[in-house]
Amino acid sequence: MWKCKGTQSGIRLCERISLPILLALAMMPSLGAQDTPPAAVSLSLSTAVDLAIKNNLRTLLAGQRVVESEGTSGILRSALLPNIAASSYQASITANLAAMGLPVQDLRGFPVFVGPYNRFDARLSVVQSVFDLGAIRRFQAGKMGIALAEEDKNLAIQQV
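For clarity, every value in this text was computed on a predicted model and none was experimentally measured. (Residues numbered from 1 in each chain as written. Predicted model: local features only at pLDDT ≥ 70, side-chain atom pairs only at ≥ 80, totals over all residues. Heavy atoms only, no water.)

Draft legend 1. Highlighting the overall build of the protein chain. Per the secondary structure count, the protein chain includes four helices and four strands. Helices and strands appear in the protein chain in the N-to-C order β-β-α-α-α-β-β-α. Taking all 160 residues of the protein chain together, the buried fraction comes to 10%. Taken as a whole, the protein chain presents about 13500 Å² of accessible surface, with 61% of it coming from carbon and sulfur. (Helix = DSSP H or I, 4+ residues; strand = E, 2+ residues; numbered from the N terminus. Buried < 20%, exposed > 50% of the residue type's maximum accessible area, 1.4 Å probe, protein only. Areas by Shrake-Rupley, 256 points an atom, 1.4 Å probe, with all protein chains shown as cover.)

Next up, the structure:
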């Protein structure tokens, strides 16, 4: 059923009142009032410090910077490792000997077309830089970046 009432500004407000909704609201306990007080939690100083360290934004960010520095160091280390590439190729080929410039028209009994025959090629290549001082220094700088990020994390933990 609809109930409408007028307001001072001349706009009519209409509300639909539903009996099942009213009954459901009446049966719900009040949200603001608590019947029982919350149970007391015993919290030691070490537990409180551990929770603060675990949930502090600065320590969480410092931990992520350590992970980021380790990833960067891995990328920099890849310049020192060998590069390995493999490829394979297979084809069924029919060759026209006349198109290749062989005078097979002059030779009786010799075919102009040869094939089909299968061709398979597999290759493996390894490239290794013998000495790259720049790559070595970048990798060493990446390792120092990890140490710096870990020290920053330790500082954040101590400040918490």
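Draft legend 2. Broad picture of unusual backbone geometry. The step from Gly-115 to Pro-116 runs through a cis peptide bond, and the omega angle for that step is 5 degrees. As for its placement among the helices and strands, Pro-116 is situated in strand β4 (residues 113-127).

Draft legend 3. Looking closely at helix α3 (residues 57-77). Compared with the 30 Å implied by 1.5 Å per residue over 21 residues, the 30 Å span of α3 between its first and last C-alpha is a close match. If you check which residues of α3 are buried, you get Thr-59, Ala-62, Gly-63, Val-66, Ser-69 and Ser-73. Buried residues of α3 fall within an arc of 115 degrees about the axis and therefore sit on the same side. Every exposed residue of α3 that faces more than 90 degrees away from the buried side is listed here: Leu-57, Gln-64, Glu-68 and Ile-75. (Expected span 1.5 Å × (residues − 1). Arc of directions from axis to C-beta.)

Draft legend 4. Just the pattern of salt bridges, in detail. Counting across every chain of the model gives two salt bridges. Residue Arg-65 is joined to Asp-152 by a salt bridge in which the shortest nitrogen-to-oxygen separation is 3.1 Å. With Arg-65 in helix α3 and Asp-152 in helix α4 (residues 133-159), the pair connects residues that are 87 residues apart, well separated along the chain. The class for Arg-65 is partly exposed, based on a relative accessible area of 35%. For Asp-121, the salt bridge is made with Arg-123, and the minimal N-O distance between the two is 2.8 Å. (Salt bridge = Lys/Arg side-chain N within 4 Å of Asp/Glu carboxyl O.)

Draft legend 5. Quick peek at the side chain of Thr-59. The topology assignment puts Thr-59 in helix α3. Owing to a relative accessible area of 6%, Thr-59 belongs among the buried residues under this scheme. Those residues within four positions of Thr-59 in sequence are excluded, and the remaining contacts are Ile-53, Ala-156, Ile-157 and Val-160. (Contact = heavy atoms within 4.5 Å.)

Draft legend 6. The packing of α3 against α4, seen in detail. The interhelical angle for the contact between α3 and α4, taken along N-to-C directions, is 170 degrees, at an axis separation of 8 Å. Classed by the angle they form, the pair α3 and α4 counts as roughly antiparallel. (Axes fitted to C-alpha atoms, helices over the stretch in contact; angles between N-to-C directions. Parallel < 35°, antiparallel > 145°, perpendicular 65-115°, else oblique.)

Draft legend 7. The arrangement of a nonpolar patch on the surface in detail. Taken together, the side chains of Ile-84, Leu-124 and Val-126 make up a nonpolar region of the molecular surface, amounting to roughly 340 Å² of accessible area. Take Ile-84: it is sitting in strand β3 (residues 83-96). (Patch = residues over 30% accessible without salt bridge, like charges linked within 9 Å, V, L, I, M, F, W, Y side chains within 5 Å.)

Draft legend 8. Structural context of α4. For α4, spanning 27 residues, the distance from its first C-alpha to its last is 39 Å, which sits close to the expected 39 Å at 1.5 Å a residue. Among the residues making up α4, those that are buried are Ala-135, Phe-139, Gly-142, Ile-146, Ala-149 and Ala-156. Looking at the buried positions of α4, the neighbouring elements they touch are α3.

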